[in-house]
Amino acid sequence: MELILSQTDWQTIHHTLQHLNLIGITFSPDFVVRSVSPHALMKTGWHESDLVGFSIFDKLIPKEEEHEVRQMLEEGIQGKRKLEQREVPFLAQKGTLRTFSINSVLMHQEQDEVECITLVGDDITRRRRMESAIAKSNSQLQDLVDNTSDLIQLVAIDGKFIFVNKAWREVLGYGLDEIASMRMEDILHPQHKEEALQQLKRIEQGTANPSFEAVFMNRDGKKVFVAGSVNCRFDNG
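Computed from a prediction, not measured in an experiment: that's the story for all the values here. (Residues numbered from 1 in each chain as written. Predicted model: local features only at pLDDT ≥ 70, side-chain atom pairs only at ≥ 80, totals over all residues. Heavy atoms only, no water.)

**Details of the overall build of the protein chain**
- Of regular secondary structure, the protein chain possesses nine helices and ten strands.
- Relative to the 2.2 N^0.38 estimate, which gives 18 Å for 237 residues, the radius of gyration of the protein chain is 29 Å and therefore markedly larger than a compact globule would have.
- Considered along the principal axes of its C-alpha atoms, the protein chain spans approximately 85 × 35 × 30 Å.
- Burial analysis of the protein chain (237 residues in total) assigns 35% to the buried set.
- Long-range contacts, defined here as pairs at least 24 residues apart, represent 42% of the contacts in the protein chain between residues at least 6 apart.
- Surface exposure of the protein chain reaches about 14800 Å², of which carbon and sulfur atoms provide 48%. (Helix = DSSP H or I, 4+ residues; strand = E, 2+ residues; numbered from the N terminus. Rg over C-alpha atoms; globule rule 2.2 N^0.38 Å. Buried < 20%, exposed > 50% of the residue type's maximum accessible area, 1.4 Å probe, protein only. Contact = heavy atoms within 4.5 Å. Areas by Shrake-Rupley, 256 points an atom, 1.4 Å probe, with all protein chains shown as cover.)

Dropping the structure here:
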């Protein structure tokens, strides 16, 4: 939080804020809105006259979030909590929810009393929606690979397991704690290990093998015959 004592400096900063693509909300200690940056108005669809003179809790903050946001801001103003990097839900004029990430907090003080506070930051709504979509997609993919009877594994070049699905664990009998310290060669049956490793080496070198066959060894030492496709991908070279 940055404390600004000079009225001239305060005005200069706010004049600059009017020309930046940043969310800026200025309010008094009792949360009455003093000014809103053009970028914030553009992102939310509000007119300045809709907000200035009203509490931020009248129109900007969802009712179900009011208690938590009020407590957060009060403690921030009192210096009990850091407000930077916090996320605040804002209501747009049409009632849709947007997410505002606070990058910095400016506090104007006169005669040892807080005159007003400005929250400056970015609208991260689109990023949050993308993250939510990716998380949902990953969850659906996890469900897919865990509900198939096929054995699926993802292995690093050094042989360490990155991922194995539920069917893989059930058929081979290894627990997640064990898998974390295992390598691919640990599950290859000794009688067929060299042949499998040679196939994997050729795949690593770029030779396609749509009909990979190998013999795995389960936790009890029994043979598990597998056949399927294997591909190799390099990230960052």
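**With respect to the confidence of the model for the protein chain**
- Mean pLDDT for the protein chain: 86, with 94% of residues reaching 70 or above.
- By mean pLDDT, the top-scoring element of the protein chain is helix H3 (residues 48–51) (95), and the lowest-scoring one is strand E1 (residues 2–4) (65). (pLDDT = per-residue confidence, 0-100.)

**Concerning the packing of aromatic side chains**
- Tallied over the full model, the rule gives five aromatic pairs.
- Ring geometry for Phe27 against Phe31: centres 5.9 Å apart, planes inclined by 35°, an arrangement best described as tilted. Of the two residues, Phe27 and Phe31, neither departs from the other in class, the shared state being buried.
- A cation sits over an aromatic face here: Lys59 above Phe54, 4.1 Å from the ring centre.
- Over the ring of Phe57 we find Arg70; its NZ or CZ atom is 4.2 Å from the centre of that ring. (Phe/Tyr/Trp six-rings, centres within 6.5 Å; stacked < 30°, edge-to-face > 60°. Lys NZ or Arg CZ within 6 Å of the ring centre and 35° of its normal.)

**Section: the pairing of strand E3 (residues 33–36)**
- Taken together, the three bridges between strand E2 (residues 23–27) and E3 define a ladder with antiparallel strand orientation. Bridge pairing links Thr26 to Ser35 in E3.
- What sits between E2 and E3 in their antiparallel hairpin is a turn of five residues, with Phe31 showing a positive phi close to 75°. (Pairing = 2+ DSSP bridges.)

**A short note on the pattern of salt bridges**
- What the rule picks out here adds up to eight salt bridges.
- Between Glu178 and Arg219 there is a salt bridge; the shortest N-O distance is 2.7 Å. Of the two residues, Glu178 is situated in helix H8 (residues 176–179) and Arg219 in the loop between strand E9 (209–217) and strand E10 (223–230); the sequence distance between them amounts to 41 residues.
- Notably, a salt bridge pairs Glu204 with Lys201, separated by 3.9 Å at the nearest N-O pair. Taken together, the residues span about one helical turn, with Glu204 and Lys201 both in helix H9 (residues 193–204) at a distance of three residues.
- For Glu204, a relative accessible area of 26% corresponds to the partly exposed category. (Salt bridge = Lys/Arg side-chain N within 4 Å of Asp/Glu carboxyl O.)

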